[in-house]
Amino acid sequence: MSNLFYIYLASGVFFLLIEMLTATFYGLSVSITCFVLAIYIFITGDTTLTIAQGIILVVISGTFAYLLPKYLKPNTPDFKSGLDAHIGQKFYLEKVGSDWKVKIDGVDYLIDDDSETSEFEVGKKVRLESHSSGILTVSVAK
């Protein structure tokens with residue numbers, strides 16, 4: 001048994017561990033390729049790197065790197081983060097000087113001037129409609 005067999009076997013395990021940490025399927029594609037190459041070395045008895053091994057490496061890892069993420073992607077919804085997670089929720093109005101603001105997760109955000117209406121008063125609830133660059137568009141909640 002050549003050392004090349006053990007190198008491919010160890011590489012397969014190494015990339016499998018990387019896949020467990022990252023869960024991107026790219027480490028898995030290289031890991032599968034390394035195991036296939038270890039089997040190839042076991043069958044052929046090669047003791048040095050060959051062009052055939054390089055071709056196998058490129059073709060199999062490229063194919064799996066393309067196919068695995070495409071077909072094994074979990075059917076989980078995309079989670080909203082930041083201000084996107086708060087769209088549709090209600091918050092209390094506050095006023096600082098002449099600016100209206102709301103506090104979301106301990107951070108003060110300014111209200112867009114176009115959202116301001118005569119119904120605005122301190123402590124009144126508004127619904128977050130959208131945001132752009134930290135400036136919020138709101139509507140008065142009923």
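Residues numbered from 1 in each chain as written. Predicted model: local features only at pLDDT ≥ 70, side-chain atom pairs only at ≥ 80, totals over all residues. Heavy atoms only, no water.

Draft legend 1. Local environment of helix 2 (residues 26-44). The first and last C-alpha atoms of helix 2 sit 27 Å apart over 19 residues, in line with the 27 Å expected at 1.5 Å per residue. All of the buried residues along helix 2 are G27, S29, S31, T33, C34, L37, A38 and I41. Where helix 2 is buried, its residues contact helix 1 (3-22) and helix 3 (51-71). Positive backbone phi, at 75 degrees, marks G45, one or two positions downstream of helix 2. (Helix = DSSP H or I, 4+ residues; strand = E, 2+ residues; numbered from the N terminus. Expected span 1.5 Å × (residues − 1). Buried < 20%, exposed > 50% of the residue type's maximum accessible area, 1.4 Å probe, protein only. Contact = heavy atoms within 4.5 Å.)

Draft legend 2. The arrangement of the packing of aromatic side chains in detail. Per the counting criterion, the structure on display carries 4 aromatic pairs. Ring geometry for W100 against F120: centres 5.4 Å apart, planes inclined by 85 degrees, an arrangement best described as edge-to-face. Here F120 lies in the loop between strand 3 (107-110) and strand 4 (125-132) and W100 lies in strand 2 (residues 99-104), a separation of 20 residues in the sequence. The pair W100 / F120 is uniform in exposure class, with both members buried. Here the aromatic cluster, defined as three or more aromatic residues joined through ring pairs, consists of F5, Y6 and F42. (Phe/Tyr/Trp six-rings, centres within 6.5 Å; stacked < 30°, edge-to-face > 60°.)

Draft legend 3. Just the pattern of salt bridges, in detail. Inspection of the entire model under this criterion finds 3 salt bridges. K101 serves as the salt-bridge partner of D108, at 2.6 Å between the closest nitrogen and oxygen. For K101, a relative accessible area of 11% gives the class buried. As a salt-bridge pair, D108 and K103 come within 3.8 Å of each other at their nearest N and O atoms. Take D108: its relative accessible area is 38%, and that puts it in the partly exposed class. When its relative accessible area of 41% is taken as the criterion, K103 is described as partly exposed. Put simply, E94, K101, K103 and D108 are held in one network by salt bridges that share partners. (Salt bridge = Lys/Arg side-chain N within 4 Å of Asp/Glu carboxyl O.)

In short, the description is geometric, and any link to function would need to be established separately.
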